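# Results of the structural survey
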Amino acid sequence: AQSVTQLDSQVPVFEEAPVELRCNYSSSVSVYLFWYVQYPNQGLQLLLKYLSGSTLVESINGFEAEFNKSQTSFHLRKPSVHISDTAEYFCAVSERKAAGNKLTFGGGTRVLVKP
Amino acid sequence: EAGVAQSPRYKIIEKRQSVAFWCNPISGHATLYWYQQILGQGPKLLIQFQNNGVVDDSQLPKDRFSAERLKGVDSTLKIQPAKLEDSAVYLCASSLATLGTEAFFGQGTRLTVV
């Protein structure tokens, strides 16, 4: 069984400041790693994912996350946030096996960007 | 490309009543998931279908919850009878069967049990 811990439930940040959202996971098998974002009154959308290869992955809107196997972490960062980045962010894992892609989510981190 | 469709968007019922949610996944997606998201928590998987077969329903409270996916396309999730603690957003998602592929989520149904 897997579990995901997001260490911060809320992160207030000023516009144009950097932000880091922390995610740690636990699993007895190898996993794929994901970050999903949920904007107000919208469904979950994939932000980025790590499947294999380079441990640093990037999204099209400036976010990046680094897979650290030894620390079982997948922290999300953005060097300069915009007001539009206000949302809830969920870290998730799925097992690398043939039984499907079920996701185990963390509790979420709510990011509030202030002007 | 049409996304995952869910209905209704909102539902208010009294405890002990029954309720049903409907989901239409993205065309061609073999895998369909139902998640429950309680306020302030991350989504929790209730049931996963591959075509019209159940892959995982280990966290589905089977004494009151049921789900089906007839013909491997649309799906319904039913609660009977509802309890106060069932108040949550019920999310449907779909994906291709390929490992590591993205799951696409619908907007969810917000259920309030009073």
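Above this note sits the structure.
Predicted, not measured: the structure shown is a model, and the values here were computed from it.

## Things to note about the overall build of chain A
Helix and strand content of chain A: zero helices and 12 strands. In sequence order, chain A lays out its α and β elements as β-β-β-β-β-β-β-β-β-β-β-β. Relative to the globule expectation of 13 Å for 115 residues, the C-alpha radius of gyration of chain A, 14 Å, shows essentially globular dimensions. In terms of overall dimensions, chain A has a C-alpha envelope of 45 × 30 × 25 Å along the principal axes. The buried share among the 115 residues of chain A stands at 47%. Put simply, of all contacts in chain A between residues at least 6 apart along the chain, 58% involve residues at least 24 apart.

## Details of the environment of Pro8 of chain B
Residue and element names in this part refer to chain B. As for its placement among the helices and strands, Pro8 is situated in the loop between strand E1 (5-7) and strand E2 (10-13). Judged by its relative accessible area of 28%, Pro8 falls in the partly exposed class. A C-alpha to C-alpha distance of 5.9 Å links Pro8 and Thr109, two positions 101 residues apart in sequence. Non-local contacts of Pro8, meaning those with residues more than four positions away in its chain, are made with Ala20, Phe21, Gly108 and Thr109.

## Here's the deal with the interface of chain A and chain B
Interfaces are often described in size by the accessible area the parts lose on coming together. The partner chain B presents 25 residues to the 23 residues of chain A that form the contact. In total, chain A and chain B occlude about 1,700 Å² of area from one another, counting both sides; carbon and sulfur atoms represent 51% of this. Together, Leu44, Asn101 and Lys102 of chain A form the three largest contributors to the area buried by chain A at its contact with chain B, with a combined 32%. At the surface where chain A touches chain B, the tally comes to one salt bridge. Counting the contacts that link chain A with chain B gives five residue pairs in polar contact (both at pLDDT 80 or more).

## Here we look at the pattern of salt bridges
Scanning the model with the defined rule gives seven salt bridges over all chains in all. Among the salt bridges present, the one from Arg22 of chain A reaches Asp8 of chain A, with a minimum N-O distance of 3.0 Å. Of this pair, Arg22 of chain A sits in the loop between strand E3 (19-21) and strand E4 (23-26) while Asp8 of chain A sits in the loop between strand E1 (3-6) and strand E2 (10-14); the two residues are 14 residues apart in sequence, bridging distant segments of the chain. Where Asp56 of chain B meets Lys102 of chain A, a salt bridge forms, and the shortest distance between an N and an O atom there is 2.4 Å. Within this pair, whereas Asp56 of chain B is found in strand E6 (residues 53-56), its partner Lys102 of chain A is found in the loop between strand E10 (87-95) and strand E11 (104-105), the two belonging to separate chains. According to the relative accessible area criterion, Asp56 of chain B is buried, its value standing at 12%.

## Concerning the packing of aromatic side chains
The final tally for this structure, using the stated rule, is 13 aromatic pairs over all chains. Seen from their ring centres, Phe105 of chain A and Phe105 of chain B are 6.1 Å apart, and the 70° between their planes marks the pair as edge-to-face. You can see Phe105 of chain A sitting in strand E11 and its partner Phe105 of chain B sitting in strand E10 (residues 104-105), one on each of two chains. In this structure Phe105 of chain B comes out as buried when scored by relative accessible area, which is 10%.

Calculation notes
Residues numbered from 1 in each chain as written. Chains lettered and ligands numbered in written order. Predicted model: local features only at pLDDT ≥ 70, side-chain atom pairs only at ≥ 80, totals over all residues. Heavy atoms only, no water. Helix = DSSP H or I, 4+ residues; strand = E, 2+ residues; numbered from the N terminus. Rg over C-alpha atoms; globule rule 2.2 N^0.38 Å. Buried < 20%, exposed > 50% of the residue type's maximum accessible area, 1.4 Å probe, protein only. Contact = heavy atoms within 4.5 Å. Buried area = accessible area lost by both parts, 1.4 Å probe. Salt bridge = Lys/Arg side-chain N within 4 Å of Asp/Glu carboxyl O. Polar contact = N/O pair within 3.5 Å; in protein donor to acceptor, adjacent residues only side chain to side chain. Phe/Tyr/Trp six-rings, centres within 6.5 Å; stacked < 30°, edge-to-face > 60°.

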